[in-house]
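What follows is the residue order along each chain.
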Amino acid sequence: MTKPVLYIVIPCYNEEKVLPVTAPMFRDKIGSLVNNGKISSKSRVLFVDDGSKDSTWQIIQKLSSENEVYEGLSLSRNRGHQNALLAGLMEAKGLCDITISIDCDGQDDINAMDQMVEEYLNGAEIVYGVRCKRDTDTFFKRFTAESYYKLLRKMGGEIIYNHADYRLVSSRVLNEFAGFEEVNIFLRGMFPLVGFKSTCVYYERHERLAGESHYSLSKMFALAFDGITSLSIKPIRMITGMGISFAVVSLILIAYVLISFFCGTTVPGWSSSLISVCLIGGIQLISLGVIGEYVGKIYLETKRRPRYIIAEQTYKTQKTGNADADEETEEKPE
Ligand code: UDP
Ligand code: MG
């Protein structure tokens with residue numbers, strides 16, 4: 001059996017502090033997997049520079065000129081972690097047999113890669129990295145993250161508990177995944193939808209080796225909300241359910257009001273009307289907001305804008321339709 005070519009895909013945004021520390025760790029991991037005869041020596045580390053404002057791209061270029069194991073591509077601007085990762089995976093799929101996506105900050109234990117590759121060799125097409133302990137996360141992060149996974153599952157999102165974006169995916173799966181053309185992407189919830197044989201590998205999550213987290217509280221909530229709304233339409237159903245319950249309650253109330261009216265026991269009742277106006281008004285606004293969120297998503301989807309634009313890369317691009325077009329334009333001036 002020929003050995004699979006592995007690409008480790010790593011999104012990086014303003015990571016000049018941590019990249020020089022972790023890059024050799026990824027290189028050595030590829031080296032040891034090659035030495036153990038698990039993967040092909042054509043395996044690479046592919047960095048995706050997500051429009052960094054510091055010297056991240058220069059560091060990637062330098063690494064790649066010094067050692068052929070490092071490759072890099074740079075996006076035309078910052079597009080966020082999910083899009084950067086997607087760009088890397090879509091580029092890698094034509095160049096390798098398996099990809100492993102991982103953050104560049106050393107939080108995820110790279111030694112789990114051995115087991116991931118082993119699972120692939122045993123027939124799994126997707127191997128999810130699952131955090132078994134979150135001791136190094138703050139109580140707040142742990143609590144919000146874990147409750148979120150539970151909520152998302154209740155909403156019908158097929159998601160692996162405590163799995164983020166550390167996973168092995170074969171090019172076979174990626175080729176099918178390329179058909180998922182939505183612009184609102186939440187990768188960890190989308191891969192289970194592709195299917196194929198999958199399994200989990202457990203690891204401990206460490207602290208960042210250097211630099212700072214890019215996920216502010218507001219970004220975390222945005223990702224969490226995007227996750228629910230791109231995987232499930234249950235919130236809309238819940239609104240319908242709420243509407244029905246309120247309608248039933250109103251009917252009972254109307255009957256009560258009418259009976260009171262005919263019995264002549266009506267009171268001015270301004271407090272109860274005020275309460276109901278406020279309550280219903282509030283609920284209506286929330287409901288409109290939730291529905292609006294989906295309408296907004298539809299709006300973004302209909303535009304079909306590219307999810308990322310590659311500005312530069314350290315490797316030669318494959319000869320595709322576009323490459324031919326480039327040659328044609330070069331010939332024109334003659
Ligand atoms: N990242 C990215 N684009 C962004 C923000 C983050 O590519 O706009 C990368 C970042 O360089 C890192 C990974 O996504 O490799 C995870 O980010 P971070 O470690 O800041 O998040 P946390 O682990 O704190 O959730
Ligand atoms: Mg991190």
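Here, every reference points to the structure presented above.
Residues numbered from 1 in each chain as written. Chains lettered and ligands numbered in written order. Predicted model: local features only at pLDDT ≥ 70, side-chain atom pairs only at ≥ 80, totals over all residues. Heavy atoms only, no water.

Time to look at the coordination of the magnesium ion (ligand 2). Note on metal geometry: ideal angles are 109.5 degrees for four donors arranged tetrahedrally and 90 or 180 degrees for six donors arranged octahedrally. The protein atoms that coordinate the magnesium ion (ligand 2) are Asp105 (OD) and Gln107 (OE1), at distances of 1.9 Å. Take aspartate 105 and glutamine 107: they sit in the same class, and that class is buried. (Donors = N, O, S within 2.8 Å, 3.2 Å for Na, K, Ca; no water. Buried < 20%, exposed > 50% of the residue type's maximum accessible area, 1.4 Å probe, protein only.)

Further remarks concern the pattern of salt bridges. Under the definition given, this model contains 9 salt bridges. For the salt bridge of glutamate 181 with arginine 304, the shortest nitrogen-to-oxygen distance reads 3.4 Å. Here arginine 304 lies in the loop between α10 (270-303) and β8 (310-313) and glutamate 181 lies in the loop between α6 (171-177) and α7 (187-194), a separation of 123 residues in the sequence. On the accessibility criterion, glutamate 181 (48% relative accessible area) is partly exposed. We classify arginine 304 as partly exposed; its relative accessible area is 49%. Connected through shared salt-bridge partners, Asp165, Arg167 and Arg188 make up one network. (Salt bridge = Lys/Arg side-chain N within 4 Å of Asp/Glu carboxyl O. Helix = DSSP H or I, 4+ residues; strand = E, 2+ residues; numbered from the N terminus.)

Now for the layout of surface pockets. Within this model, the largest pocket holds a volume of roughly 1400 Å³. As for the largest pocket, its lining consists of 50 residues, and the residues nearest its centre are His81, Arg188, Tyr215, Met220 and Leu223. Secondary-structure elements contributing two or more residues to the lining of the largest pocket are β1 (6-12), α3 (81-92), α5 (139-154), β6 (163-170) and α8 (217-231). No other element matches α8, which puts 8 residues into the lining of the largest pocket. (1 Å grid on protein atoms, 1.4 Å probe; cavity = no way out; pocket = protein on both sides within 12 Å on 5 of 7 lines; lining within 4 Å. Points joined across faces, edges and corners; volume = space filled by probe spheres on them.)

As for its position among the elements, aspartate 50 is in the loop between β2 (44-49) and α2 (56-66). One buried charged side chain, aspartate 50, makes no salt bridge at all; its nearest oppositely charged neighbour is arginine 79, positioned 6.9 Å away. Only 2.7 Å separates the side chain of aspartate 50 from the backbone nitrogen of arginine 79, close enough to count as a polar contact. Not counting residues within four places of it along the chain, the set of residues in contact with aspartate 50 comprises Cys12, Tyr13, Leu75, Arg77, Asn78, Arg79, Gly80, His81 and Ala84. (Lys, Arg positive; Asp, Glu negative; His and termini not counted. Polar contact = N/O pair within 3.5 Å; in protein donor to acceptor, adjacent residues only side chain to side chain. Contact = heavy atoms within 4.5 Å.)

Moving on, we come to the packing of aromatic side chains. Working definition: an aromatic ring pair is given by the centre-to-centre distance plus the angle between the planes. Tallying each qualifying case throughout the model produces 6 aromatic pairs. Relative to tyrosine 161, the ring of tyrosine 149 lies with its centre 5.9 Å away and its plane at 70°, an arrangement referred to as edge-to-face. Of the two residues, tyrosine 149 sits in helix α5 while tyrosine 161 sits in the loop between α5 and β6, which places them 12 residues apart along the sequence. Here the aromatic rings of tyrosine 166 and tyrosine 203 are separated by 5.0 Å at their centres, their planes lie at 75°, and the arrangement is edge-to-face. One end of the pair, tyrosine 166, is in strand β6; the other, tyrosine 203, is in strand β7 (residues 198-204), with 37 residues separating them in the sequence. In terms of burial, tyrosine 166 and tyrosine 203 fall into one category: buried. Three or more aromatic residues link up through ring pairs in this structure, and these residues are Tyr148, Tyr149 and Tyr161. (Phe/Tyr/Trp six-rings, centres within 6.5 Å; stacked < 30°, edge-to-face > 60°.)

As a further point, take the state of the cysteines. According to the stated counting rule, one finds 0 disulfides in the structure shown. Cysteine cysteine 200 remains unbridged, with the sulfur of cysteine 132 as its closest cysteine sulfur at 12 Å. Looking at cysteine 200, the relative accessible area reads 25%, which means it is partly exposed. (Disulfide = S-S within 2.5 Å.)

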